[in-house]
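What the coordinates show
Chain by chain, the residues:
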Amino acid sequence: MIDSLRVLVLGKLDWSALPHEWFTIGGTVALSGMLLTVIAMLTYFKRWKWLWKEWLTSTDPKRIGIMYIVIAGLMLFRGALDAMMIWIQQSLSLGESHGYLTGPHFQQIFTAHGDIMVFFATMGLLAGLMNLIVPLQIGARDLASPLLNTLGFWLYVGGAILINMFFVFGGEFAAVGWLAQTPLSELQYSPGTGVDYWIWSLQVSGLGSLFTGINFLATIIKMRAPGMTLLRMPAFTWATLCSSVIIITIFPILAITIAMLTLDRYLGTHFFTTTGGGNPMMYINLIWMWGHPEVYVLILPSYGVYSEIVATFSRKRTALYVSNVIGLLGVTAIAMLVWLHHFFTMGAGADVNAAFGISTEFIVLPTALLFASWLLTMFRGRIKLASPMFWFLAFVSTFTFGGLAGMLLAFPAADYQVHNSLFLVAHFHTQIVGGALFGIFAAITYWFPKFTGFKLNETLGKYAVALWLTGFFLAFLPLYILGFMGATRRLDHYTNPSWQPLFMVSVVGFLVLCTGALTQILQIVVSIVQRRQYRDATGDPWDGRTLEWSTPSPVPFYNFTSIPEVHSRDAFWEMKQSGQTAKKHYEDIEVPKNTPFGIYIAAAAFVFGFAMVWHMFLIAAIALVAALLCVIIRTFDEDTEYVLPASKVRELEKAREAA
């Protein structure tokens, strides 16, 4: 009776799940230490109420954006630790020496690194930037659904916590590659809880991403300022719109694919098994129907960032603006038509491979439109080489190099030679680091003064770009060469001594990258310490062209004293030229109230996911009911907004100007 009750409540969870390996003990100690430090500081400074009211329950997209960036920054650090362990293992594991990691542990690290960097680092940073910038660029005060915005963020946080819970309960993560390749991820070959942690962390965070995509699409379509037609929207807003369309299209595919894998593991179905009529290649098709467009979910917003930066620092309107938009739309469309190039070697036949190879080549055409727009914007412009522009130039060099490698991979015959090799790993990182991550760094540098009131140190910023660019090529050029030499990805041991020097050079490159990251941290610290020196009192430190620069820095919670009217593409630039910036009108403002329901629903989703990992089905059912009750209760709550009178807005503005 007692055993039956224990199984009903605790499922498979028992004492053996507690940390017992060096890495789980270390991870648990590190996570516990961080948590206790935060609790101690909040208690000492008596900041619990402030944290709850001003941040955790906030519906202000600027605060949600900052929280996204903070959590994503922590996950970027977590993913970088995994990368360090991978690089060190590969540099040491030659011949009789097997390095310091076991094969299964290496594969777990490899899997965790990919998932954390894609789902929780890059996606989180981009969602944060979208929250910070898009409402300001389109002249809106908030997103279409403030509740959906906070819920999307907290589901993302729930997934981020869940993917790290194996340190505390379970002792292992999935060792199946970042996309959980079948049949390896089936119960027969992965009977532990690692794959289940993968499943539920991605389902929880993926739901948050879907909500975020829907919210931004609705916001951009329905909440633009009067006069802002689609062809007057800033480039970053266009890129966010395209990225949101892809998210809405592909994340249901991811959810359904993972759900079918879940049914295989939990109920014994045979969607992707090697027996019982299952087809593992169907999983590969479905997961890459999500996986390849996901790459462009990450890169498209950075394209928008580069367009904004090039126009601002060239002191010109974006050249070929319509072509730039067509380029974004073309990339969006073609990105969802080329997934099969990830597995030309599966044996689909020459006709199928040729069709997908040609469609992959076509994506260079809309990308070329974007590059033409950037180059012609700079042509005869009065270019100012500030640090955001240096990030753009670093992107051009890396992304062009990686794009040429991608064109090689688009040919099935060539792909057969380097498929599943480190050449592919190097290409992927060239596009994501050189394309998406450099764009994020450029955006943070560019828009940092808008939300803090002071600029970042320019000298340290340029040093950081140089270190990242140098470190990147040192780290990944050897991997291209190793790929040609036959080194496969997921490689934890090798016997060819000619490979080790290249792995060692790659480790040196990683250390240079770390130096670049430390320089960025130093840049932020120095800028905070010397913030009076770098203070921006104008709200427009770069002589910007779009509406976000028309607001004061830092931006007030209501964004605009009155909704601006737009008459041209570069709305703020036109205002400055016509002298309209001095005029200020005040109006009553409807402001969404803070809500804890995003936290409540996401917490229930987290408990549901954790309970499902351990087959604690009673607790999972209770958590699901709790989430549904929270949704119902919130649905009947009509007191979700308050009115900020125009007189109060005037008072706040006068106080800000006096300060």
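Fair warning: this is a prediction, and the values are worked out from it, not measured in the lab.

Attention shifts here to the overall build of the protein chain. In terms of regular secondary structure, the protein chain is built from 21 helices and 2 strands. Taken over the C-alpha trace, the protein chain has a radius of gyration of 25 Å; the compact-globule value for 659 residues is 26 Å, and the two agree within 12%. The dimensions of the protein chain, computed from C-alpha atoms along their principal axes, are 70 × 65 × 45 Å. Each of the 659 residues in the protein chain was classed as buried or not, and the buried ones make up 56%. Accessible surface for the protein chain amounts to roughly 27500 Å². Of this, 70% is attributable to carbon and sulfur atoms. Across the protein chain, the 39 positively charged side chains and the 37 negatively charged ones have centroids separated by 12 Å.

Tallied over the entire structure, the rule returns 54 aromatic pairs. One aromatic cluster is present, formed by Tyr 68, Phe 119, Phe 120, Phe 153, Trp 154, Tyr 156, Trp 178, Phe 251, Trp 288, Trp 290 and Phe 428 through successive ring pairs. Across the ring face of Trp 573, the terminal group of Arg 545 is positioned such that the distance to the ring centre comes to 4.2 Å.

With the rule as written, the count across this model stands at 12 salt bridges. For Lys 576, the salt bridge goes to Asp 543, with nearest N and O atoms at 2.6 Å. In this pair, Lys 576 is assigned in helix α18 (residues 571-578) and Asp 543 in the loop between α17 (500-529) and α18, connecting sequence segments 33 residues apart. With relative accessibility at 31%, the residue Asp 543 sits in the partly exposed group. In this structure, the salt-bridge partner of Glu 653 is Arg 656, at a minimum N-O distance of 3.2 Å. Taken together, the residues span about one helical turn, with Glu 653 and Arg 656 both in helix α21 (residues 646-658) at a distance of 3 residues. Among the residues examined, Glu 653 registers a relative accessible area of 2% and is labelled buried. What you see here is one network of salt bridges that share partners, running through Asp 540, Asp 543 and Lys 576.

Below, the discussion takes up the environment of Ala 368. Within the secondary structure, Ala 368 is located in helix α12 (residues 364-378). For the pair Ala 368 and Asn 324, spaced 44 residues apart in the sequence, the C-alpha separation amounts to 9.4 Å.

This brings us to α21. With 13 residues, α21 should reach 18 Å at 1.5 Å per residue; the first-to-last C-alpha distance of 18 Å fits that figure. Where α21 is concerned, the buried positions are Ala 646, Val 649 and Glu 653. Projected down its long axis, α21 carries its buried residues within an arc of 55°, all on one side. Summarising the geometry of α21, the exposed residues directed more than 90 degrees from the buried face are Ser 647 and Ala 658. The inward-facing, buried residues of α21 contact β1 (589-592) and β2 (641-644).

So, on to a nonpolar patch on the surface. Nonpolar side chains collect at one region of the surface, where Trp 22, Phe 77, Leu 81, Met 84, Ile 88, Leu 92 and Tyr 100 lie side by side and expose about 650 Å² of accessible area between them. Examining the composition of the nonpolar patch, we find that 5 residues originate from one element, helix α4 (residues 61-92), more than from any other. Within the secondary structure, Phe 77 sits in helix α4.

Before going further, it helps to examine the nonpolar core. The nonpolar side chains of a soluble globular protein tend to be buried with one another. Tyr 197, Trp 198, Tyr 303, Trp 374 and Trp 447 are the most contacted members of the largest nonpolar core, which has 182 residues in total. If sequence neighbours within four positions are ignored, Tyr 303 has contacts with Leu 328, Val 331, Thr 367, Leu 370, Trp 374, Phe 395 and Phe 399. Listed in part, the 7 residues of the second largest apolar core include Tyr 586, Ile 589, Leu 644 and Val 649.

Taking 1.5 Å of rise per residue, 33 residues should cover 48 Å, and helix α8 (residues 235-267) covers 47 Å from first to last C-alpha, within 8% of that figure. Along its length, α8 reaches its greatest deviation from straightness, about 30°, at Ile 250, and the proline Pro 252 lies no more than four positions downstream. Gly 268 sits one or two positions beyond α8 and adopts a positive phi of about 75°.

All right, on to the packing of helix α16 (residues 458-484) against α17 then. For the pair α16 and α17, interaxial distance at closest approach is 7 Å and the crossing angle is 160°. With respect to α17, the axis of α16 lies roughly antiparallel. Remark: the crossing between α16 and α17 carries left-handed chirality. Split into classes, the residues belonging to the contact of α16 with α17 amount to 21 nonpolar, 10 polar and no charged.

Okay, the side chain of Thr 59 next. Inspection of the secondary structure puts Thr 59 in the loop between α3 (48-56) and α4. The buried category is assigned to Thr 59, whose relative accessible area is 2%. Setting aside chain neighbours within four positions, we find Thr 59 in contact with Ile 64, Asp 142, Pro 146, Pro 592, Lys 593, Asn 594 and Thr 595.

Moving on: the environment of Leu 408. Within the secondary structure, Leu 408 sits in helix α13 (residues 387-409). The class of Leu 408 is partly exposed, set by a relative accessible area of 30%. Considering only alpha carbons, one finds Leu 408 and Val 418, 10 residues apart in sequence, at a separation of 9.7 Å. Leave out the neighbours within four places in its chain, and Leu 408 touches Ala 414, Asp 415, Phe 423 and Phe 484.

How each quantity is defined
- Residue positions are counted from 1 within each chain, in the order its sequence is given.
- Selection of residues for local features in this predicted model requires a pLDDT of at least 70, selection of side-chain atom pairs for listing and counting requires 80 or more, and totals for whole chains, interfaces and linings are taken over all residues.
- The basis for every side-chain value is the complete set of non-hydrogen atoms in the structure, without hydrogens or water.
- What counts as a helix is a DSSP run of H or I of at least four residues, what counts as a strand is a run of E of at least two, and both are numbered from the N terminus.
- Radius of gyration here is computed from C-alpha atoms only, and the compact-globule reference equals 2.2 Å multiplied by the residue count raised to the power 0.38.
- Each residue is assigned to one of three classes by its accessible area relative to the maximum for its type, calculated with a 1.4 Å probe on protein chains only: buried under 20%, partly exposed between the two thresholds, exposed over 50%.
- Each accessible area is a Shrake-Rupley estimate made with a 1.4 Å probe; only the visible protein chains count as cover when residues are assessed.
- All tallies of charge rest on Lys and Arg as positive and Asp and Glu as negative; His and the ends of each chain are not included.
- Charge placement uses NZ in Lys and CZ in Arg. For Asp and Glu, CG and CD serve respectively.
- Planes of paired rings set the category: under 30 degrees apart is stacked, over 60 is edge-to-face and the rest tilted, where pairs are Phe, Tyr or Trp rings (Trp by its six-membered ring) whose centres lie within 6.5 Å.
- Either the NZ atom of lysine or the CZ atom of arginine qualifies as a charge over a ring when it sits within 6 Å of the ring centre and within 35 degrees of the ring normal.
- The working definition used for a salt bridge is a side-chain nitrogen of Lys or Arg within 4 Å of a carboxyl oxygen of Asp or Glu.
- What a helix is expected to span follows from its residue count: subtract one and scale by 1.5 Å.
- Note: the arc covers the axis-to-C-beta directions of the helix.
- Contacts were defined at the residue level, with two residues in contact if any of their heavy atoms lie within 4.5 Å.
- Patches here are clusters of residues that have more than 30% relative accessible area and form no salt bridge, with a 9 Å joining cutoff for like charges and a 5 Å cutoff for nonpolar side chains (Val, Leu, Ile, Met, Phe, Trp, Tyr).
- Buried Ala, Val, Leu, Ile, Met, Phe, Trp, Tyr and Cys residues form a nonpolar core when they are joined through side-chain atoms within 4.5 Å.
- Bend, at a single residue, is the angle you get between axes fitted to the 7 residues ending at that residue and the 7 residues starting at it.
- To get an axis, a line is fitted to the C-alpha atoms, and for a helix only the part in contact is used. The angle between two axes follows their N-to-C directions and goes from 0 to 180 degrees.
- Angle categories: roughly parallel below 35 degrees, roughly antiparallel above 145, roughly perpendicular from 65 to 115, and oblique for all the rest.
- Each crossing gets its handedness from the near helix: less than a right angle anticlockwise from the far helix is left-handed, clockwise is right-handed.
- Gly counts as polar in this scheme, as do all residues outside two lists: the nonpolar Ala, Val, Leu, Ile, Met, Phe, Trp, Tyr, Cys and Pro, and the charged Asp, Glu, Lys and Arg.

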